[in-house]
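# What the coordinates show
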Amino acid sequence: MNLPNYVKIVEVGPRDGLQNEKAMVPTDVKVSLINQLTEAGFVNIEAASFVSPKWVPQMADGADVMARIQRRPGTLYSVLTPNMKGLEGAVAAAADEVVIFGAASEAFSQKNINCSIAESIARFEPVAEAAKEKGIRLRGSISCALGCPYQGEVPVSAVVDVVRRMRALGCDEIDIADTIGVGTPGKVQDVMRAVSAEFAMDRLSGHFHDTYGQALSNILASLEVGISIFHASVAGLGGCPYAKGATGNVATEDVLYMLHGLGIHTGIDLEAVVRTGDYISQAVGRANSSRVGRALLAKWAAASEAAPTCA
Ligand code: HMG
Ligand code: MG
């Protein structure tokens, strides 16, 4: 296999991971989570959303979160911006990157952002223009690229079409998102190959939710065709509020374990991420969804029980 030497991981736990939590997660916890992730070595962290608080109440404290985190030079702190109001919030918060998020399925676009795909692109135009003018990096995210909870099958041509539109808006990076985790490796390779004919392979990313347990396989399949940016969520936190039944993103710990095992560098300290996964799982009162996280925590606990205690 011809695999890359380095893979960029975009940690999306603080945004995608927490946005679906029913009970409000205290701002302090969000800030601590992001600071721990920064310490662990991530170069890109999706930190907040500047969306309507009526639609996603959990993300309402984005400005506070962004004001209080300790930023490390060299790490990009990204935020979601569906419209100009979001962009204004992102600029005020000094976000390093803004994310416009559309869909390859009309039905999902309506449910998630209350407009058609064409309307969303028109809404993104001034956002993209303002981001460019202010020198803020622009990322485009395409939901339902491997299937839609409302529409079912999504043709590859629909994904390619949105990639072309996001490219025309000047996106620096484009995410191919499997919102409900239904993709399988062959289909993922078909989509990645098709979109890479329209947009530079090294600026395309895979954003895989792990609902059907396919995410790691889909990452490996994507690596095989040349993708080298992946999104992941610490402890596998998450789900989309507008995709019922969708579970979290693939767990960051599991992705790191696989990549490091393949000899691929990420610059991220796996053990630190495992400790962070333990912290956030306990803080939100959820089981840790990372297999690697659970395995290493159990191994460390067993080792500390076996160790002789000092008087
Ligand atoms: P709308 O209701 O059509 O918009 O929602 P509107 O312009 O009529 O505004 C309605 C109200 O929201 C107004 O307040 C606005 O001021 C306010 P009111 O006058 O009623 O008091 N508002 C805002 N407030 C703060 N920040 C803003 C903002 N915009 C409007 N930016 C809208 C349209 C896009 C705003 C709404 O549908 C929305 O916020 N949707 C966000 C949904 C969302 O965040 N989904 C989850 C993230 S996407 C995701 O998880 C997928 C991804 O992970 C990839 C994948 O896995 O597929 C990225
Ligand atoms: Mg997502």
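For the protein chain, an unreviewed UniProt entry supplies the name hydroxymethylglutaryl-CoA lyase and the organism Cupriavidus yeoncheonensis. The UniProt entry for the protein chain carries the following comment under Pathway (unreviewed entry): "Metabolic intermediate metabolism; (S)-3-hydroxy-3-methylglutaryl-CoA degradation; acetoacetate from (S)-3-hydroxy-3-methylglutaryl-CoA: step 1/1." Quoted verbatim from the Catalytic activity (unreviewed entry) heading of the UniProt record, the comment on the protein chain is "(3S)-3-hydroxy-3-methylglutaryl-CoA = acetoacetate + acetyl-CoA".

Let us now look at unusual backbone geometry. Positioned with a positive phi, A94 is a non-glycine residue whose angle comes to about 55°. Within the element layout of this structure, A94 appears in the loop between α4 (84-92) and β4 (97-103). Classification of A94 by relative accessible area gives partly exposed; the value is 43%. Phi is positive for N114, which is not a glycine, with a value near 65°.

When a metal holds four donors in a tetrahedron, each ideal angle between them is 109.5 degrees; when it holds six in an octahedron, the ideal angles are 90 or 180 degrees. Within the protein, D16 (OD), H207 (NE2) and H209 (NE2) serve as the donor atoms for the magnesium ion (ligand 2), at 2.0 to 2.3 Å. For the magnesium ion (ligand 2), the single-chain donor residues occur in sequence as D-x190-H-x1-H. For the pair shown, H207 and H209 are each scored as buried.

With parallel pairing, eight strands are arranged side by side around a closed barrel as β1-β2-β3-β4-β5-β6-β7-β8. Averaged over all neighbouring strand pairs, the angle between strand axes comes to 25°, with direction disregarded. Bridge count between strand β1 (residues 8-11) and strand β2 (residues 44-49): two bridges; the pairing is parallel. Across the sheet, residue E11 finds its bridge partner in β2, namely I45.

Reading the values: rules and limits
Per chain, the residues get numbers from 1 upward, laid out in the order the sequence is written. Chains and ligands are labelled sequentially in the order written, the chains with letters from A and the ligands with numbers from 1. Totals for whole chains, interfaces and linings use every residue, but because this is a predicted model, local features are given only for residues with pLDDT of at least 70 and side-chain atom pairs only at 80 or more, for both listing and counting. With hydrogens and water excluded, all non-hydrogen atoms of the structure serve as input to the side-chain values. UniProt positions are given in the numbering used here, feature names are shortened, and annotations may be inferred rather than shown by experiment. Think of it this way: any DSSP run of H or I at least four residues long counts as a helix, any run of E at least two long counts as a strand, and we number them from the N terminus. Throughout this description, buried means an accessible area under 20% of the type-specific maximum (1.4 Å probe, protein chains only), exposed means over 50%, and partly exposed covers the range between. Counted as coordinating are nitrogen, oxygen and sulfur atoms within 2.8 Å of the metal, or 3.2 Å for Na, K and Ca, while water is not included, which may make sites look incomplete. At least two bridges found by DSSP between two strands is the condition for calling them paired. Whenever a helix is involved, its axis is fitted only over the stretch in contact; in every case the axis is a line through C-alpha atoms, and angles between N-to-C directions fall within 0 to 180 degrees.

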